[in-house]
Amino acid sequence: MNNISKGLSCAVAGLLGTNSVALPEDATGGWNLKSSFLIYSESNRVSATEASISADKEIDTNETLALKLTIDSLTGASASGAVSTNQAQTFTRPSGEGSYTTSANQIPLDNSFKDTRLDLSMDWVKPIKNDLKLKLGSNISTEYDYQSFSINTGIEHSFNTNNSTLSVGASFARDSINPVGGVPIAFSNMEEAGASTNRDSSGTKTKNTLDLLVSLTQIIDKNSLFQLNYSSSRSNGYHTDPYKVISIVDAVTGEITLNGNISNVVYENRPDNRSMDSVFFKYKRNLTGNNVLDTSYRYLWDDWGITSHTVDTHYKFRLSENSFLEPHIRYYSQSSAELYTPYFTNNTVPTSATVFASADYRVGSLDTFTIGLTYGKDNVESPWSAGLEYYKQIPANVATFGALNEQNLNPDVSAVILKLNYDF
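Residues numbered from 1 in each chain as written. Predicted model: local features only at pLDDT ≥ 70, side-chain atom pairs only at ≥ 80, totals over all residues. Heavy atoms only, no water.

**Observations concerning the sheet that holds strand β14 (residues 245-249)**
Definition in use: Strands qualify as paired when DSSP identifies two bridges or more between them. Helical segments are the DSSP runs of H or I of at least four residues, strand segments are the runs of E of at least two, and each set is numbered from the N terminus.
The strand order across the open sheet built from three strands is β17-β14-β22, with neighbouring strands paired in mixed fashion. Because the sheet does not close on itself, it has two edges, and the strands there are β17 (265-267) and β22 (344-345). In this structure, β14 lies alongside β22, joined through two bridges in parallel fashion. Directly across from isoleucine 248, in β22, lies its bridge partner phenylalanine 344.

**A closer look at the pairing of strand β5 (residues 99-102)**
Using the following cut-off: Only protein chains enter the accessibility calculation, which uses a 1.4 Å probe; a residue is then buried when its area is under 20% of its type maximum, exposed when over 50%, and partly exposed in between.
Residues Tyr100 and Thr102 of β5 are buried on one face, while the alternating residues Ser99 and Thr101, pointing to the opposite face, are not. Where strand β4 (residues 89-92) and β5 come together, four bridges link them in antiparallel fashion. Paired with threonine 92 across the bridge in β5 is serine 99. The hairpin formed by β4 and β5 contains six residues between the paired strands, and glycine 96 there has a positive phi angle of roughly 80°.

**Regarding unusual backbone geometry**
The phi dihedral of asparagine 105 falls on the positive side, at around 65°, and the residue is not glycine. Along the chain, asparagine 105 turns up in the loop between β5 and β6 (109-129). Of the residues examined, asparagine 105 reaches a relative accessible area of 46% and is grouped as partly exposed. Despite not being glycine, phenylalanine 187 shows a phi value in the positive range, around 65°.

**Points about the pattern of salt bridges**
Defined as follows: Any carboxyl oxygen of Asp or Glu that lies within 4 Å of a side-chain nitrogen of Lys or Arg is treated as forming a salt bridge with it.
Within this structure, the stated rule accounts for 20 salt bridges. Measuring nitrogen to oxygen at the nearest pair gives 2.7 Å for the salt bridge that ties arginine 274 to aspartate 302. With arginine 274 in strand β18 (residues 273-286) and aspartate 302 in strand β19 (residues 292-302), the pair connects residues that are 28 residues apart, well separated along the chain. Aspartate 302 carries the same exposure label as arginine 274, and that label is buried. With its nearest N and O atoms 2.7 Å apart, the salt bridge here joins aspartate 378 to arginine 318. Linking aspartate 378 in the loop between β23 (366-377) and β24 (384-395) with arginine 318 in strand β20 (residues 307-320), this pair joins segments that are 60 residues apart in sequence. Accessibility assignment for this pair places aspartate 378 and arginine 318 in one class, buried. Each member of the salt-bridge network shares a partner with another, and the members are Asp241, Glu268, Arg270, Asp360 and Arg362.

See the structure below:
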């Protein structure tokens, strides 16, 4: 779910105690290798698997090169934005060449949703002086209908006898969007399969994003430190989700209206610009018995009207010199964007592309909770860990009337997450 500092590999999170164990030169050629595997599975909705491998090498004294390759796959059923009703509904698939039907009293889900993403990043760190480092990096990501390329740079300055580190970074990303079936025209009606698809003939859409990050890491004493970040993101271009729609219901009865043999829905429309800012605070402390408390808080706001609070806490409980148990709890709360519109009545559908609206619950008000537990081995030649988490998303209720009073337009979403990590 969303991120302000995408591509900012110059962030100083790595200074907070993530260590790798180097193998002998003849075993890896000087490379430190790490691998991870993740499975994310929502109940009756989206499932995702992700595998990644990263490698870093010290080229010269304190000069390093890091590479990372990630492959992930998404399958399952994705909410379209349409509302549930007391009758079955039929929708045209994004390609315009087929249709699917949702049962009565069920949130419409398009079960044709699937994608595979390949992501490759490279980062280089070079000392300029004893207390100054230059960081450069790039990232390329490609999937069936979306491609992204970014570059990033940063300066890291250590001072106060290396007890303080100030980092400043910037990233620029260029995204290209090629939706299946073409780019839908804002607030145009979904048509029946095989008919005119109300698509924009201009072709590929693009989006540019500039991210800035200022970060201070301060060692408090031999057992604790804190990190304070300010992030700012400015993007312009195509922000609309081409696969999301908004239902049209009767203004008196609240019943779904029809467009021929399918439910009457229109395509959403989001602004071409977005500004996001956030502040982030992390505190980390080594407690008695080498147990480690790691807690953070983030406050985010944007010009769409969204504000959010995130509290994330890990407690690394030392079982032995080289094994640990780590509970994790995370809470996220988000206010609704001004453009959030769960449905239209048949007399309120916009006709101008200067109006913005989306029924995507992810831009509505919601709370999420994550709780998990990880067991692992560290301080060994090949560290590894395995974690299991439970994720619960609770969207806020929306105002209803008539037939909609019988429906839960924003049901909760739950997921199970499995994480595996292994360092070569």
